[in-house]
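So you can see what is in the structure, the chains are spelled out below.
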Amino acid sequence: MENLTARNTQRLAELKASDGDQDRAPKIWAVGGGKGGVGKTLLAANVAITLARTGARVIVLDLDLGGANMHTALGVDSSGLPSFTDYFERKIVSMQELARPACVNNLQIISGAQDSISIANISHVQKQKLLSKIRTLSCDYVVLDLGAGTTFNTLDFFLSADVGILTVLPESTSVENTYRFIKSAFYRKLKHVERAFDVHNMVDRLMERKAKLNIATPADLLRQLEREHPMLGSRVRSAIQNFDLKFVLNQIRTQADVDVGYGIRNVCRKYFGLSIDYLGHLEYDSAVWQSVRRKRPLALEFPASPIMPKVQGIVGTLLKEEVDCIQQANPIKQQGRTVQL
Amino acid sequence: MIDMVEERTRTYYEILDIPMNSTPEAIQEAYVRAKNAYSPTSLASYSLFSPEESKQIMEEIEGAYSTLSDAQRRKLYDREHGLMVIRTDTNPRVESKSIRIEGGEEVAEIGFVDERDNLDNPNGLDNFDELDSPGSLGSLDNQLLDSTGRTGAINHFALHGHYIQTKKSENLPNFKEIIEEVEKIDGPLLKELRELKSITMDEIMEFTKLSRKHIDSLERDDLEKLPAPVYVRGFVIQYAKALRLDTKIVATGYMRNFQYLRESHGM
Ligand SMILES: Nc1ncnc2c1ncn2[C@@H]1O[C@H](COP(=O)(O)OP(=O)(O)OP(=O)(O)O)[C@@H](O)[C@H]1O
Ligand SMILES: [Mg+2]
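Remember, it's a predicted structure, so these values are computed and weren't measured experimentally. (Residues numbered from 1 in each chain as written. Chains lettered and ligands numbered in written order. Predicted model: local features only at pLDDT ≥ 70, side-chain atom pairs only at ≥ 80, totals over all residues. Heavy atoms only, no water.)

Colleague: Would you mind showing me how to read the overall build of chain A here?
Modeller: Regarding its fold elements, chain A presents 14 helices and eight strands. When each of the 341 residues of chain A is scored for burial, the buried share is 54%. Taking as baseline every contact in chain A between residues at least 6 positions apart, the subset at least 24 positions apart corresponds to 75%. Within the structure as shown, chain A displays about 14400 Å² of accessible surface, and the carbon and sulfur contribution to it stands at 48%. (Helix = DSSP H or I, 4+ residues; strand = E, 2+ residues; numbered from the N terminus. Buried < 20%, exposed > 50% of the residue type's maximum accessible area, 1.4 Å probe, protein only. Contact = heavy atoms within 4.5 Å. Areas by Shrake-Rupley, 256 points an atom, 1.4 Å probe, with all protein chains shown as cover.)

Colleague: Hey, could you run me through the site of ligand 1 in this one?
Modeller: All names here are of chain A. Around ligand 1 sit 18 residues in total, of which Lys40, Thr41, Leu42, Asn250 and Glu283 are the nearest. Lys40 is positioned such that a nitrogen or oxygen atom in its side chain is 2.8 Å from an oxygen atom of ligand 1. Within the backbone of Leu42, a nitrogen or oxygen atom sits 2.9 Å from an oxygen atom of ligand 1. Within the complex, the protein chains bury 80% of what would otherwise be the 630 Å² of accessible surface of ligand 1. Those elements that place two or more of their residues in the shell around ligand 1 are helix H2 (40-53), strand S7 (244-252) and helix H12 (287-293). (Near = heavy atom within 4 Å. Polar contact = N/O pair within 3.5 Å; in protein donor to acceptor, adjacent residues only side chain to side chain.)

Colleague: How do you make sense of the packing of helix H3 (residues 51-68) of chain B against helix H4 (residues 71-80) of chain B when you look at a structure like this?
Modeller: Helices that pack against each other are described as a pair by the angle of their axes relative to one another and the distance between those axes. Residues and elements named next belong to chain B. Interhelical geometry of H3 versus H4 gives an angle of 105 degrees and a closest axis separation of 6 Å. One way to sum up the angle between H3 and H4 is to call them roughly perpendicular. Along its contact with H3, which presents Ser66, Thr67 and Leu68, the element H4 presents Arg73, Arg74 and Tyr77. Across the contact of H3 with H4, the residue classes break down as two nonpolar, two polar and two charged. (Axes fitted to C-alpha atoms, helices over the stretch in contact; angles between N-to-C directions. Parallel < 35°, antiparallel > 145°, perpendicular 65-115°, else oblique. Nonpolar A, V, L, I, M, F, W, Y, C, P; charged D, E, K, R; others polar.)

Colleague: What exactly am I supposed to notice about the side chain of Asp115(A) here?
Modeller: Residues and elements named next belong to chain A. Looking at the secondary structure, you find Asp115 in the loop between strand S4 (107-110) and helix H5 (124-134). Here Asp115 occupies a buried position and makes no salt bridge, while the nearest side chain of opposite charge, Lys91, is found at 9.9 Å. At a separation of 2.4 Å, a polar atom in the side chain of Asp115 contacts the side chain of Thr85. Excluding its chain neighbours within four sequence positions, the residues that come into contact with Asp115 are Leu65, Ser83, Phe84 and Thr85. (Lys, Arg positive; Asp, Glu negative; His and termini not counted. Salt bridge = Lys/Arg side-chain N within 4 Å of Asp/Glu carboxyl O.)

Colleague: I tried to follow the interface of chain B and chain A on my own but got confused; where do I start?
Modeller: Many authors give the size of an interface as the accessible area that is lost as the parts come together. Contact with chain B, which involves 24 residues of that partner, is made by 32 residues of chain A. Counting the surface lost from both chain B and chain A, the interface buries some 2800 Å², and carbon and sulfur atoms represent 58% of this. Our enumeration of links across chain B and chain A arrives at three salt bridges. In this structure, the salt-bridge partner of Arg265(A) is Asp17(B), at a minimum N-O distance of 3.1 Å. At the surface where chain B touches chain A, the tally comes to eight residue pairs in polar contact (both at pLDDT 80 or more). Mapped onto the side of chain B that touches chain A, the elements with two or more residues apiece are helix H1 (12-16), helix H2 (24-38) and H3 of chain B. Examining the composition of the side of chain B that touches chain A, we find that four residues originate from one element, H2(B), more than from any other. Taken together, the residues of the side of chain B that touches chain A sort by class into 15 nonpolar, two polar and seven charged. (Buried area = accessible area lost by both parts, 1.4 Å probe.)

Colleague: Explain the sheet that holds strand S1 (residues 27-32) of chain A to me, please; I cannot follow it from the model alone.
Modeller: Two strands in a sheet stick together by hydrogen bonds in their backbones, pointing the same way (parallel) or opposite ways (antiparallel). All names here are of chain A. Strand order in this open sheet of eight strands is S3-S4-S2-S5-S1-S6-S7-S8, and the pairing throughout is mixed. What marks the edges here is a single partner per strand, and that holds for strand S3 (100-101) and strand S8 (277-283). Packed onto the sheet, helix H11 (residues 255-271) meets strand S6 (163-168), S7 and S8 and runs at close to 160 degrees relative to S7. (Pairing = 2+ DSSP bridges.)

Colleague: Would you mind going over the pairing of S7(A) with me for this structure?
Modeller: Consecutive side chains along a regular strand alternate between the two faces of the sheet. Residue and element names in this part refer to chain A. For S7, the buried fraction is high: seven of the nine residues fall into the buried class. Sheet topology note: the S7/S8 ladder contains five bridges and is parallel. Bridge assignment links Phe247 to a residue of S8, and that residue is Tyr278. The parallel pair S7 and S8 is bridged by H11, and the resulting crossover is right-handed. (Right-handed = clockwise from strand over helix to strand, strands pointing away.)

Colleague: Any chance you could explain the nonpolar core here in plain terms?
Modeller: Nonpolar side chains in soluble globular proteins generally cluster together in the buried interior. Ranked by internal contacts, the top residues of the largest apolar core, which has 118 residues, are Phe157(A), Ile264(A) and Tyr254(B). Ranked by residues supplied to this core, first place goes to helix H7 (residues 172-196) of chain A with eight residues. The two domains that each donate at least three residues to this core are domain 1 (7-123) and domain 2 (155-264) of chain B. Setting aside residues no more than four positions away along its own chain, Tyr254(B) makes contact with Ile185(B), Asp186(B), Gly187(B), Leu190(B), Leu218(B), Asp221(B), Leu226(B), Val232(B) and Val236(B). Grouped together as the second largest cluster of nonpolar side chains are 44 residues, Val31(A), Leu51(A), Leu81(A) and Tyr141(A) included. (Core = buried A, V, L, I, M, F, W, Y, C linked by side-chain atoms within 4.5 Å. Domains from an automatic or database assignment.)

Colleague: Mind showing me how you'd approach the pattern of salt bridges here?
Modeller: Close approach of charged atoms allows side chains of opposite charge to pair. Residue and element names in this part refer to chain A. Under the counting rule described, the total for this entry stands at 30 salt bridges over all chains. With a shortest N-O distance of 2.6 Å, Lys127 and Asp156 are connected by a salt bridge. Residue Lys127 is found in helix H5, and its partner Asp156 is found in helix H6 (residues 152-160); the two are separated by 29 residues along the sequence. Asp156 shares its class with Lys127; the two are buried.

Colleague: Sorry if this is basic, but what is going on with unusual backbone geometry here?
Modeller: Among all residues save glycine, negative phi is the norm, and among peptide bonds the norm is trans. Residue and element names in this part refer to chain A. You will see that Arg90, though not glycine, has its phi angle at about 60 degrees, which is positive. Note on placement: Arg90 falls in the loop between helix H4 (84-88) and S3. In this structure, Gln251 takes a positive phi of about 60 degrees despite not being glycine. Relative to the elements of secondary structure, Gln251 occurs in strand S7. Look at Gln251 and you get partly exposed, because its relative accessible area is 29%.

Colleague: Hey, could you run me through the environment of Leu43(B) in this one?
Modeller: Checked against the element boundaries, Leu43(B) lands in the loop between H2 and H3. Here Leu43(B) is in contact with Pro170(A), Glu171(A), Ser172(A), Val175(A) and Val260(A), once residues within four sequence places are set aside.

Colleague: Looking at this structure, I do not really get H11(A). What am I missing?
Modeller: Because an α-helix completes one turn every 3.6 residues, residues spaced three or four positions apart along the sequence face the same direction. Residue and element names in this part refer to chain A. In this model H11 runs 24 Å from its N-terminal to its C-terminal C-alpha over 17 residues, within 8% of the 24 Å that 1.5 Å per residue would give. Across the 17 residues that make up H11, a large majority, twelve, are buried. Among the residues of H11, those classed as buried are Asp257, Val258, Asp259, Val260, Gly261, Gly263, Ile264, Asn266, Val267, Cys268, Arg269 and Tyr271. Two to three positions downstream of the cap, the backbone nitrogen of Ala256 sits 3.3 Å from a side-chain oxygen, assigning the N-cap of H11 to Thr254. Positive backbone phi, at 70 degrees, marks Gly273, one or two positions downstream of H11. (Expected span 1.5 Å × (residues − 1).)

Here is the structure:
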């Protein structure tokens, strides 16, 4: 695992150096998922630490406004941290100034701890400001920790990422919430493209006839959209195809739990017509809550936890995919993806 | 994240969620996973598919598996769907290429290790085997290989079938009758049949790709050591195939006895 990460880190560094573009926009990895308390923060924090340890410059953005606790997961004292509100009210001029050093080298946090506003209640303008400025942060990776729920704002941040990772538990409520999240993200994405295309309510109008058209799943909807509006349909398809959706199964106790992940992958393909990657699983480990209680990151407090090699594997896989992607795209330069709203 | 292939009918490979170059083991594994995914108690599917829909999907899965788990039928299927395998060496473990042909054009190329063709010899069938006609399959393969110009591949074509064929003697009992008539099909019976056919432990391990431990516990009905029933079923199918027995009868019979044993042990 460690080797996978190290090998790809080095390869990435070479590729980027040969590219000559040192000021490229950071890659955004978002961690989300419909349900509360499923391990989003655990995963985001330890992925960020692992990534920073490869030498990459990482900023963790705590976007769980209203329930921000990433600072605790990274062992950062919240007193004196700047807030998003300061930034919105222009007391702080650049987003970069919101970043504060966290527990390891190369790692910084932009925390929502001092904000009383909830993520659902930030305005459209404020959201746009954040979305566009995230790409200007001076670092290699931005890791987004999103709150629970499927409000438009949360979905929009999730969809703006290069890689979207859902955390799922092998239990019915969590799996149901995950599907709800994917469904919401799917329709949200349709809306984004519609708007960018300056058409309105086409999807809604299709959905009104859904019984007649035999639309039972999102996959059916997309097919019908392509049939009736080929231009829009193909735009939607490529937009959705470009989005890299993945999931991690957390709190695994048995092999049957691990297998639930393969089930989810198969079902998503069938129902949504989506290929969603099963990135890996994390064991249930009581060291997690002990580290939470000590307000210290798992990676530092319990490096021998069985979860850590899994996190390294996940980071290694993501880096490898980035390497493959750059190599495939060469010599055409990689562009940071921007979300169109 | 949308699956491009979604528009046309899903291939058997897509139904099982596996790449076209999957090994028999991987197919077996994917089959078990897919069945688990749509079983009535599955966490992964109940909230999106009704029981009726799941049942229908299960049937698709069975259909996909019954073809892909059978080397000959899989080959036919691949051919009918323009999926074919070109060998680059007679050694089955050496890289080969899989090329999907659509309208005569190569649309995709993947390097992989192919080991499916060495699985079965159509000429080694016992009289009761329900497989397709061996003669036509033999010529099909020749055709396939001829068209690629790599006839050397014929050599390893029947790597595994051979022992079953060569060890067949005139005085063998009628196995079809045995498995249809016996009161119960259990591990010791399977072992007896295997020994009657002079198939050694090593040979059956190689054929089924199961470990010694698993074969051993299968033959002893060792409830403690065997995995969950759905896996056991897969093992038995592989086992029956190695013995050229009717997989359906054997699997159903063995599983009935296995479930009975489990229940009577309070498992
Ligand atoms: N793998 C695990 N093993 C043991 N406990 C875990 C594991 N993952 C999460 N937990 C427990 O679940 C709690 C919630 O985890 P975490 O805060 O990461 O979830 P979250 O999805 O970010 O929650 P929220 O929706 O509130 O932001 C942790 O405090 C920990 O006690
Ligand atoms: Mg959280």
